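Reading the structure
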Amino acid sequence: MFKYIILIASFHQVFSAGDLLIPNPALVTTQFNSTANFRQDFCDLQDFYHSSNRSIELRKLLKGKSLNVVFDNGTDYMTFKSDGSIDERDPGLYVKLLDELARRGEFSWRDSFVLDDPPSAGQTWINLLLWQTETYDIAVNWWLATTVRQSLGISFPRGFYD
């Protein structure tokens, strides 16, 4: 069993101010802050799924939950307006993918996401990936699925982009 779930991942801020969807300040922390923890424990849901002989659809386990998501701040796969909100006219691939996953799984994420920068000085991309997956529910970025990362417990989705 894998220790982490990863879509693709990164941190900064996004908050819902009226109809603006901007990073949530309550989820913002300094990069590599080892005391910050915005990850939720969904082990009980997984245990329920297995103990119920899978009587509920796996995709419905997160129904009604709000996932804490961290995105790469400098991505070409998300589009923001000058006020920092998601550009709904062309939100980008990451937003479209998460919106579709949320629709199918009946969970939310838009009120609980942040943006993160590349690794700070002296840190590596692996350090950043591990910190993000320890701190948030989902880390979204252009992560390569390497054997080293997989051996550290990071799980990756099947490819979606050609």
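Preceding this section is the structure that the text describes.
The following paragraphs examine the structure supplied in this document. (Residues numbered from 1 in each chain as written. Predicted model: local features only at pLDDT ≥ 70, side-chain atom pairs only at ≥ 80, totals over all residues. Heavy atoms only, no water.)

1. Points about the overall build of the protein chain
So the rule is basically this: Secondary structure elements are defined from DSSP: runs of H or I of at least 4 residues count as helices, runs of E of at least 2 residues count as strands, and each element is numbered from the N terminus. The buried label applies to any residue whose accessible area, calculated with a 1.4 Å probe on protein chains only, is under 20% of its type's maximum; exposed applies above 50%, and partly exposed to all values in between. The method behind every accessible area is Shrake-Rupley, applied with a 1.4 Å probe, and residues are considered shielded solely by the protein chains displayed.
Tallying secondary structure elements over the protein chain gives 4 helices and 5 strands in all. Secondary structure elements of the protein chain occur, N-terminal to C-terminal, as β-β-α-β-α-β-α-β-α. Out of the 162 residues in the protein chain, the part that is buried amounts to 41%. With the model as given, the accessible surface of the protein chain reaches about 9400 Å², and the carbon-plus-sulfur share is 53%.

2. Considerations on unusual backbone geometry
At Phe32, a position not held by glycine, the phi torsion is positive, near 70 degrees. In this structure, Phe32 sits in the loop between strand E2 (20-21) and helix H1 (43-51).

3. Comments concerning the environment of Trp131
Counted only if it meets this: Residues adjacent in sequence count toward polar contacts only when both atoms are side-chain atoms; beyond that, a polar contact is any pair of N or O atoms within 3.5 Å, and within protein one must be able to donate a hydrogen and the other to accept it.
Its location among the elements puts Trp131 in helix H3 (residues 125-135). Distance from Trp131 to Ser34, taken between C-alpha atoms, is 7.9 Å for residues 97 residues apart in sequence. At 3.1 Å, the side chain of Trp131 forms a polar contact with the backbone oxygen of Asn33.

4. Quick word on the side chain of Asn68
Rule in force here: The contact criterion used is simple: two residues touch if any of their non-hydrogen atoms lie within 4.5 Å.
With respect to the element layout, Asn68 can be found in the loop between H1 and strand E3 (69-72). A polar contact of 2.5 Å, which involves the side chain of Asn68, links it to the backbone oxygen of Phe38. Discounting residues that sit within four places of it in the chain, Asn68 has contacts with Leu27, Phe38, Gln40, Ser112, Tyr136, Asp137 and Ile138.

5. Some points on the packing of aromatic side chains
The criterion, for reference: When the centres of two rings from Phe, Tyr and Trp lie within 6.5 Å, Trp using its six-membered ring, the rings pair. Their planes under 30 degrees apart give stacked, over 60 give edge-to-face, and anything left gives tilted.
In total, this model carries 10 aromatic pairs according to the counting rule given. Aromatic side chains Phe38 and Tyr136 sit 5.4 Å apart centroid to centroid with 25 degrees between the ring planes, which places their arrangement in the stacked category. Taken as a pair, Phe38 in the loop between E2 and H1 and Tyr136 in the loop between H3 and strand E5 (138-140) lie far apart in primary sequence, 98 residues in all. When the centroid spacing of 5.8 Å and the interplanar angle of 10 degrees are considered together, the rings of Tyr77 and Trp142 count as stacked. With Tyr77 in the loop between E3 and helix H2 (93-105) and Trp142 in the loop between E5 and helix H4 (147-151), this pair connects stretches of sequence that are 65 residues apart. Residue Tyr77 is classed as partly exposed on the basis of its relative accessible area, which comes to 23%.

6. Considerations on the pattern of salt bridges
Keep this limit in mind: Salt-bridge detection follows one rule: a side-chain nitrogen of Lys or Arg within 4 Å of a carboxyl oxygen of Asp or Glu.
Under the counting rule described, the total for this entry stands at 9 salt bridges. When the shortest N-O distance is used, the salt bridge between Glu106 and Lys60 registers 2.4 Å. With a gap of 46 residues between them, Glu106 in the loop between H2 and strand E4 (113-116) and Lys60 in the loop between H1 and E3 connect regions that are remote in the sequence. A salt bridge links Asp99 to Arg110, with the shortest nitrogen-to-oxygen separation between them at 2.7 Å. Here Asp99, found in helix H2, pairs with Arg110, found in the loop between H2 and E4; they are 11 residues apart in sequence, far enough to count as distant. Taken together, the shared-partner salt bridges in this structure form one network comprising Lys60, Lys63 and Glu106.

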